[in-house]
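Structural features, examined
What follows is each chain in one-letter form.
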Amino acid sequence: MLALQKVHDGEGLELRDVAPPLAPGPGEIAIRIAATGICGTDLGIEKWGAGYAAMMSTALPVTLGHETVGRVSAVGAGVTEIAPGDVVVVNPAISCGHCAPCREGDAVGCLDRRPFGMVLDGAFASQVNVDARYAYRLPGTIPLELGALVEPLSVGLYALDVAGFQPGDRVVVFGPGPIGQGAAVLAKQMGAAEVAVVGFRDAARFATLRALGIETLIDASEDGAVDWLKALSGRGFDVAVEAAGVGAVVDQALAVLRPRGVLALAGLGEPNAAVNIGLIVRNRLEVRGASRIPPRIWPQVIDLLAADPDAFAPLITHRMPLAEAQEAFALARSGQSSKILLIPEE
Ligand SMILES: [Zn+2]
Ligand SMILES: [Zn+2]
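These remarks concern the structure in this document. (Residues numbered from 1 in each chain as written. Chains lettered and ligands numbered in written order. Predicted model: local features only at pLDDT ≥ 70, side-chain atom pairs only at ≥ 80, totals over all residues. Heavy atoms only, no water.)

1. Let's talk about the sheet that holds strand S12 (residues 237-242)
Pairing in this open sheet of 6 strands is parallel, and the strands run S11-S10-S9-S12-S13-S14 from one edge to the other. Because the sheet does not close on itself, it has two edges, and the strands there are strand S11 (216-219) and strand S14 (286-289). Looking at each pair of strands side by side, their axes are set apart by 20 degrees on average, direction ignored. Relative to the sheet, helix H8 (residues 248-255) contacts strand S9 (170-174), S12, strand S13 (257-265) and S14, its axis offset from that of S13 by approximately 150 degrees. (Pairing = 2+ DSSP bridges. Helix = DSSP H or I, 4+ residues; strand = E, 2+ residues; numbered from the N terminus. Axes fitted to C-alpha atoms, helices over the stretch in contact; angles between N-to-C directions. Contact = heavy atoms within 4.5 Å.)

2. Brief notes about the sheet that holds strand S2 (residues 14-17)
Ordered in space as S2-S1-S4, the 3 strands form an open sheet in which the pairing is antiparallel. Edge positions in the open sheet fall to S2 and strand S4 (62-63), since each of these has one partner strand only. As defined by bridge partners, strand S1 (residues 2-6) adjoins S4 across 2 bridges and the pair is classed as antiparallel. Bridge pairing links Lys 6 to Val 62 in S4.

3. Notes on the pairing of S9
Taken across its 5 residues, S9 has 4 buried, putting it largely inside the fold. Sheet analysis places S9 next to strand S10 (residues 194-199), joined by 5 bridges and oriented parallel. Paired with Val 172 across the bridge in S10 is Ala 196. (Buried < 20%, exposed > 50% of the residue type's maximum accessible area, 1.4 Å probe, protein only.)

See below:
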């Protein structure tokens, strides 16, 4: 079968013809992949930053792709919750099961994670086997391809969760990429009083946000944009989400929060930023990190998708065959797309 793999250290990815997986082992399910989204993480793995090398070097070659949906084709011994024919999505945060946090039941804190699509073979292929405990059944009312959005939406929902989001809150999201778009539409669907998104020369992504019903869009490249945002916020936003991965955004976010407001950092970009500590102290602000999605978030995302699938559909802007993965990655890097799905051949 065709698979998009990281084959060796250094930049690049390869489309290769590889053997399909064997029959699923005990506790595993076999999935026939319907669609898999391209994530910023996949772009990072293609470029091969130091963090990826440390985690993945010993796992190569490995098939990428973790934002996936497909239909179960077979189940291994002992699998009772999932049956052939079910549509499933995969939580890629697969833990080792052996380290101290895992033994204490804290799989999210695992010290030796084996993420699906990074260390374990993922879903830029036509078939994959996964541990059934990491698969979630998708209701038939959700159009199949929207299942590929569950993983990226879980990142956005967890950022809102970490920030203590409540219905009626005023929310500002920095970064209009797929994660920021997801956080914005989720906040809207959950009853935010206001949702604003700040970008930087992101016309194409702003068009997607408009299609998602997000009207307050601020281009930070324009003079006075942050002042305008401050004026708009009045007393200040209750919640800010940083999904741009840009250090300078942190101070902008702090400046538009109300006293006791919360900033959730979901972007993994520049590790260092100059921060106005005085503002945090005076306004009693809180800055919280949002990574490693707890499993409880997954059913919440699936319920929100099931409640109003059409509200999320504009997040997907492109569908391309897996054989055109290189072109699709270039498009993802261009900022001219939102979520791009790669579709394997039958
Ligand atoms: Zn992802
Ligand atoms: Zn572990």
